[in-house]
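# What the coordinates show
Read off the chains here:
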Protein chains: 4
Amino acid sequence: MYQTNEKKVPISFSIRTDLAIEARELAQQNAQEADQLKGVDVNTTEDSDYFLTHVHIHSEEGSRLMGKPKGDYITLESEKLKENDVECHEKIIKVLAENIRSLVKFGEDDCILVAGLGNWNITPDALGPKVVSKILVTRHLQGTLPEEIEKTVRPVAAVSPGVMGITGIETGEILKGIVDKLQPSLLIAIDALAARRSNRINAAIQMSNTGVAPGAGVGNKRMMLDKESLGIPVIAIGVPTVVDAATLVNDTMDRILGEMMQQTETGSAFYQTLQSLEQEEKYQMIADILGPYTGNMFVTPKEVDAVVDRLANIIANAINIAIHPGVTMADINKYVW
Amino acid sequence: MYQTNEKKVPISFSIRTDLAIEARELAQQNAQEADQLKGVDVNTTEDSDYFLTHVHIHSEEGSRLMGKPKGDYITLESEKLKENDVECHEKIIKVLAENIRSLVKFGEDDCILVAGLGNWNITPDALGPKVVSKILVTRHLQGTLPEEIEKTVRPVAAVSPGVMGITGIETGEILKGIVDKLQPSLLIAIDALAARRSNRINAAIQMSNTGVAPGAGVGNKRMMLDKESLGIPVIAIGVPTVVDAATLVNDTMDRILGEMMQQTETGSAFYQTLQSLEQEEKYQMIADILGPYTGNMFVTPKEVDAVVDRLANIIANAINIAIHPGVTMADINKYVW
Amino acid sequence: MYQTNEKKVPISFSIRTDLAIEARELAQQNAQEADQLKGVDVNTTEDSDYFLTHVHIHSEEGSRLMGKPKGDYITLESEKLKENDVECHEKIIKVLAENIRSLVKFGEDDCILVAGLGNWNITPDALGPKVVSKILVTRHLQGTLPEEIEKTVRPVAAVSPGVMGITGIETGEILKGIVDKLQPSLLIAIDALAARRSNRINAAIQMSNTGVAPGAGVGNKRMMLDKESLGIPVIAIGVPTVVDAATLVNDTMDRILGEMMQQTETGSAFYQTLQSLEQEEKYQMIADILGPYTGNMFVTPKEVDAVVDRLANIIANAINIAIHPGVTMADINKYVW
Amino acid sequence: MYQTNEKKVPISFSIRTDLAIEARELAQQNAQEADQLKGVDVNTTEDSDYFLTHVHIHSEEGSRLMGKPKGDYITLESEKLKENDVECHEKIIKVLAENIRSLVKFGEDDCILVAGLGNWNITPDALGPKVVSKILVTRHLQGTLPEEIEKTVRPVAAVSPGVMGITGIETGEILKGIVDKLQPSLLIAIDALAARRSNRINAAIQMSNTGVAPGAGVGNKRMMLDKESLGIPVIAIGVPTVVDAATLVNDTMDRILGEMMQQTETGSAFYQTLQSLEQEEKYQMIADILGPYTGNMFVTPKEVDAVVDRLANIIANAINIAIHPGVTMADINKYVW
């Protein structure tokens, strides 16, 4: 529906979302056969408290249709992520830890580098740095710990490289420099993402093994962080914390017009006119009307500080359990101060 | 244009804005005679760096048309407020200080209470508390200062009462308790406001002598703080720092359809259908589509932290100069650390 | 030992500590009969994880000897307060909640005001405001909650009034204004305290029903907050978070000389000379040598931010459990975000 | 006076200070000939507002006597650094900028990396990260700026690498990784230092061209950052923000005993006993008495947050002026938000 002229509008534009589940929804709408996307497998698990979707892109065609690299994308969705429900969060931490471990195989003594992407000065973009501040860091303790404790923890280092506007350096350059010096076996990168729908904000956590383009949530996409660029596997963990203002208006208008068209006959001709516009033209018109300052605007909930703190806690607990052999569900919140 | 049925839709709804200049724009659209609102005088001053509008509501009819209490509303608009332009900001500080002094007459030794309204945990709502942290507070020093210094400063106290969700107490109750105990001669209240247009965000400062309803920017309106409720005159200083998401979509859609109607004939019938909807119905439809969580969403620029800090600085400097006899333009930034 | 001439040096000086257990140690040293202080009862409870001392001052003489008002002072001491020991902290929260409830009797529907004293800009003084931010505040929800929830919570309000240097207003004046307006049945005030010994820093929590003089920890003592000044009972909860630099030097020197005297004969004559100095003279000499800026110095541990956060959590959990009928040990950390 | 047995106690211990001016005072006391240290030249400049000392260590013997590498150490001392004196600070910024430029010669287009050492979670250790947040960063803008602006700025990048306890990685390792990747021509490193005397806290700024051992102020010294380890010249800028508690007691006791010895005959024998103790023994005895937790304590002024902010501003302004060809005294505070 969105995509009227595939040659003119590159697929990567029309699927302007960081979430594989949203890319799939959009790609589905574009697909001739509504029921299936070639090269894309989808498995879902439902629980009373969350919904888990595993999207596996296994062919070049699937990758092209989805506008995303080949690999695994696991998304946990739960409205409870926005609330302060301790028991439900423990359940989610357990599921996240298991899925993080499933994405990449790593040895018990491998050194892991955890990187918190994003700008710590912009609340909804500060998720990554906040997670990093709660990771149980142990690389510097190797050799100084008693043997029985040493075997419960692997060497873990953690950095928040900042964003280019703050450092003058691409996030990828800083991480490449550190990875080359430290030689870890795996990078786990946490980043804030952008969603298309405001009801997904802070209500989904996506884990993937395909790398990450820093700054997706707030700002422009940068050099890809993946096995190709860094030489080591990358697990990316992301949460949609914002919707950009023009996308919100665009999508809301599409839905409002769709609804009105069904209700009013006079609307349908006009609706078709609107439909006949290229997606990019329409987006641009909205952005123009919103004004030059609006490209800079995002939509975020009032309680974003508290919610981002909570999400950082959940993700940090899940990572600590996933990566340290001796950290278990009994240690929740032990290292997150 | 907005208002089709005045009996059904209360004026206070259709003019959902904290800015007198926006209320005037909207009221103007509603008025039969486009050129003039009865009981409302408007004076404007233009400078290369800013635009100053003085709205004086002097009759009950003007108050009803505008949806605002009688009195003076002075708004300084400048795109430069969003930028780091030191010289321009000095010019603006001077104009603000003069206008603050013009709103209420106060004696040289009168004690003034400055109150920073809003929630310090929500960045765009933290403007008031930030200003308060930069006010030159002197009430506790009375009697301990050398005489030549004592006469350069008046007794000034400053508090940030928090918001009801944090304290369990109405802002008005806390301030009433403190005012009754301290007996100051004037309250200056600083608050974040909501605007209708995203390009007004962080680009306007409104000063008035009619009181303020705390929490206008983010959250529900509360008990009015004014001479009637507190027993002393109130100067309110506000900056629009957010637009609520549904308002943004609503206004953008109106403008986009208006533009399209002129371009396409097929659109006009549909447009009239859309127009025939009650304003409130349309708003509600948008809010429904945006989802239950959206009432909670606001639109704000990425660099909101830096901009709010800057605005707090400008306003605190202006207040310090306006209220302390011996603080002048030469003392800019001296007390704002 | 400290006190050589009771007439010259007022007892209030020589017992410069906020902790009743330290006042008792000092008073004990001053007392002729080493074994007992008249009018002061002491009970202690020992657990593997903490040490609990209940000092009950029940006569004017006891009050004079201790330099503290009549009433109950319960102190929990534990080195574990400095560590991240979740299980031990739960045990401590339980003991604190029980003891808070034992200090003042209050009805199930009484409104309670919680006040976080201290300066939020000075980390070791920010304990009170941090506790307040974690209190389950419900006063504004009365009448809006479902009945079965309503009976699990009492009306609770919470404020952080700031310090005089920030507001220009005595803490007592602000609280008096709010108490007069709100008419709560009880004030619970949390404040950072000063200790005499660096090993007590962040390792003790004192609860009392005798009121509190705000700013004891960092800064000068102010107007007493107690039943006499406010008209309602006051529970004060305090943690020693700092030692002032001159006190640290003074006490360390006393102990070092005491130790050396036992080791060296030549020292004893000199030591007696030093002993013959008035306590106040010696303190003044040290303060002079430390320099004019030193009165302003305090001694605090490096990890003070993390420790104060943790202590705020423990105390807030204990208060929430102590005051809300339906909040139990199962709700630990539920409201402290 | 301090050093009784040079063979037993390594010089590096007895001169436990980061400030060359303090090292010189101590070395002077140790020296046989009171008037001169071999291999160390000292020049001083006095102004009404500050005192400037240039220590130039030009021989191995000077380096050994001072316990510091060969090179230049320029220290600006001013009590005004603790105050909010805008005019005086402008004067100091000018002097700092000139002296930074004098320490290392660099070409107009050379890329410079600015590194803020220290732990952002510990206020007195956060100086470096705070300076970095105020540096005009331009490396990422090269090629995108208009030519006339491009020539006013050199490529500058800036990072805050964190401390080992936070990242699990030595500061030197992170910086080595980034330097190898970026290949800048110069590193400017800002760090908090430890002083011996509490009256030097926040009242001195030291600049040197000899490298820096991160974590000197709060925590253990680490791998040296200098031309040898990084391959590029290093300018280190440091401010003493803390005194460790045991050093404070030690030095105060020495001074108090020195004073008393002159006043009392009985003291002199004892004083000599105390004097006969090895410096290290005495320090250890004090540390033992202060208790195990005390090694972790530091002495810092109450208003440390405000003072560190102010110092970061002054230093950032000085660096911006020193390194960017087109940034001048007229641009003070333009980039420090």
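Residues numbered from 1 in each chain as written. Chains lettered and ligands numbered in written order. Predicted model: local features only at pLDDT ≥ 70, side-chain atom pairs only at ≥ 80, totals over all residues. Heavy atoms only, no water.

### Looking at the overall build of chain A
Tallying secondary structure elements over chain A gives 13 helices and 9 strands in all. Scored against the burial criterion, the 337 residues of chain A give a buried share of 60%. The long-range share in chain A, meaning contacts at least 24 apart out of those at least 6 apart in sequence, stands at 71%. Roughly 13000 Å² of accessible area belongs to chain A as shown, and the carbon and sulfur atoms make up 48% of that amount. (Helix = DSSP H or I, 4+ residues; strand = E, 2+ residues; numbered from the N terminus. Buried < 20%, exposed > 50% of the residue type's maximum accessible area, 1.4 Å probe, protein only. Contact = heavy atoms within 4.5 Å. Areas by Shrake-Rupley, 256 points an atom, 1.4 Å probe, with all protein chains shown as cover.)

### Focus: the confidence of the model for chain A
All names here are of chain A. Looking at chain A as a whole, the pLDDT averages 82, with 80% of positions reaching at least 70. Mean pLDDT in chain A bottoms out at helix 1 (residues 11-14), which sits at 35, and peaks at strand 4 (residues 112-116), which reaches 98. In the predicted structure, residues 1-15 sits below a pLDDT of 50 and forms 36 contacts with residues beyond four places in sequence or in another chain. Quick note on the complex model: pTM equals 0.84, ipTM equals 0.84. (pLDDT = per-residue confidence, 0-100.)

### A word on the relation of the copies chain D and chain A
Mapping chain D onto chain A is achieved by rotating through 180° and translating by 0.0 Å along the same axis, at an RMSD of 0.0 Å. Those values place the two copies in the arrangement expected of a two-fold rotation axis. Judged by C-alpha distance, D:Gly177 is the residue of chain D that lies nearest the rotation axis, at 2.2 Å. Here 100% of the interface residues in chain D have copies in chain A that are interface residues too; the copies meet face to matching face. (Least-squares fit on C-alpha atoms with pLDDT ≥ 70 in both.)

### Observations regarding the pairing of strand 7 (residues 204-208) of chain D
All names here are of chain D. Of all 5 residues in strand 7, 5 are buried, a share of seventy percent or more. Taking every second residue as pointing to the same face, both faces of strand 7 are buried, with Ala204, Gln206 and Ser208 on one and Ile205 and Met207 on the other. As paired strands, strand 3 (residues 71-77) and strand 7 are joined by 5 bridges and run antiparallel to one another. Within the sheet, the bridge partner assigned to Thr75 lies in strand 7 and is Gln206. Both strand 7 and strand 8 (residues 234-244) contribute to a ladder of 3 bridges, which runs antiparallel. Residue Gln206 lies in a different strand from strand 8, and its bridge partner there is Gly238. (Pairing = 2+ DSSP bridges.)

### With respect to the packing of helix 4 (residues 86-103) of chain C against helix 13 (residues 304-323) of chain C
Residues and elements named next belong to chain C. Put simply, helix 4 and helix 13 touch, their axes get as near as 8 Å, and they point 50° apart. In this view, helix 4 runs oblique relative to helix 13, as classed from their interaxial angle. Relative to helix 13, helix 4 is oriented so that their crossing is right-handed. Where helix 4 approaches helix 13, its residues His89, Ile92, Ile93, Leu96, Ala97, Ile100 and Arg101 are matched on the opposing element by Arg310, Ile314, Asn317, Ala318, Ile319, Ile321 and Ala322. (Axes fitted to C-alpha atoms, helices over the stretch in contact; angles between N-to-C directions. Parallel < 35°, antiparallel > 145°, perpendicular 65-115°, else oblique. Left-handed = near helix turned anticlockwise from the far one by under 90°.)

### Quick notes on helix 4 (residues 86-103) of chain B
All names here are of chain B. Between its terminal C-alpha atoms helix 4 stretches 26 Å, which fits the 26 Å expected from 18 residues at 1.5 Å a residue. Buried within helix 4 we find Cys88, His89, Ile92, Ile93, Val95, Leu96, Ala97, Asn99, Ile100 and Leu103. For helix 4, the secondary structure elements touched by its buried residues are strand 2 (51-57), strand 3 (71-77), strand 7 (204-208), strand 8 (234-244) and helix 13 (304-323). (Expected span 1.5 Å × (residues − 1).)

### A few points about unusual backbone geometry
Positioned with a positive phi, A:Asn202 is a non-glycine residue whose angle comes to about 60°. Mapped onto the fold, A:Asn202 is located in the loop between strand 6 (186-194) and strand 7 (204-208). Positioned with a positive phi, B:Gln183 is a non-glycine residue whose angle comes to about 55°. You can see B:Gln183 is positioned in the loop between helix 8 (171-182) and strand 6 (186-194). Among the residues examined, B:Gln183 registers a relative accessible area of 59% and is labelled exposed.

### What to know about the environment of C:Arg255
Relative to the assigned elements, C:Arg255 resides in helix 10 (residues 245-263). C-alpha of C:Arg255 to C-alpha of C:Val55: the two residues are 200 residues apart in sequence and 26 Å apart in space.

### Notes on the pattern of salt bridges
According to the stated counting rule, one finds 47 salt bridges over all chains in the structure shown. Here B:Glu77 and B:Arg200 are joined by a salt bridge, their closest N and O atoms 3.2 Å apart. Of this pair, B:Glu77 sits in strand 3 while B:Arg200 sits in the loop between strand 6 and strand 7, placing them 123 residues apart in sequence. We note a salt bridge from D:Lys91 to D:Asp47, for which the minimum N-O separation is 3.1 Å. With D:Lys91 in helix 4 (residues 86-103) and D:Asp47 in the loop between strand 1 (40-46) and strand 2 (51-57), the pair connects residues that are 44 residues apart, well separated along the chain. A relative accessible area of 31% places D:Lys91 in the partly exposed class. Connected via shared salt-bridge partners are A:Asp47, A:Asp49, A:Lys80 and A:Lys91. (Salt bridge = Lys/Arg side-chain N within 4 Å of Asp/Glu carboxyl O.)

### Focus on the interface of chain D and chain A
On the chain A side, the residues contacting the 20 residues of chain D number 20 residues. Note on chain D versus chain A: buried area summed over both sides is about 1700 Å², and carbon and sulfur give 65% of it. Residue D:Arg139 is joined to A:Glu173 by a salt bridge in which the shortest nitrogen-to-oxygen separation is 2.9 Å. For the side of chain D that touches chain A, the elements supplying multiple residues, two or more each, are strand 5 (156-159), helix 7 (164-167) and helix 8 (171-182) of chain D. (Buried area = accessible area lost by both parts, 1.4 Å probe.)

### A few points about the side chain of D:Ser208
All names here are of chain D. Here Ser208 shows up in strand 7. Owing to a relative accessible area of 3%, Ser208 belongs among the buried residues under this scheme. Residues in contact with Ser208, not counting those within four places in the same chain, are Asp72, Tyr73, Leu103, Val234, Ile235 and Ala236.

### A few points about the environment of A:Leu76
Residue and element names in this part refer to chain A. Counting through the fold element by element, Leu76 comes out in strand 3 (residues 71-77). The class of Leu76 is buried, set by a relative accessible area of 0%. Separated by 134 residues in the primary sequence, Leu76 and Thr210 place their C-alpha atoms 17 Å from one another. The residues contacting Leu76, other than those within four sequence positions of it, are Tyr50, Phe51, Leu52, Leu81, Ile92, Val95, Leu96, Ala203, Ala204 and Ile205.

### What about the side chain of C:Asp72?
Residues and elements named next belong to chain C. Within the fold, Asp72 resides in strand 3 (residues 71-77). Within the buried core, Asp72 has no salt-bridge partner, and the shortest N-O distance to an opposite charge, that of Lys105, equals 9.9 Å. Only 2.8 Å separates the side chain of Asp72 from the side chain of His54, close enough to count as a polar contact. A polar contact is formed between the side chain of Asp72 and the side chain of His56, at a distance of 2.9 Å. When residues no more than four places from it in sequence are discounted, the contact partners of Asp72 are His54, Val55, His56, Leu103, Met207, Ser208, Asn209 and Thr210. (Lys, Arg positive; Asp, Glu negative; His and termini not counted. Polar contact = N/O pair within 3.5 Å; in protein donor to acceptor, adjacent residues only side chain to side chain.)

### Side note on the environment of D:Thr53
Mapped onto the elements, D:Thr53 comes out in strand 2. Along the chain, D:Thr53 and D:Gly177 lie 124 residues apart, while their C-alpha atoms are 35 Å from each other.

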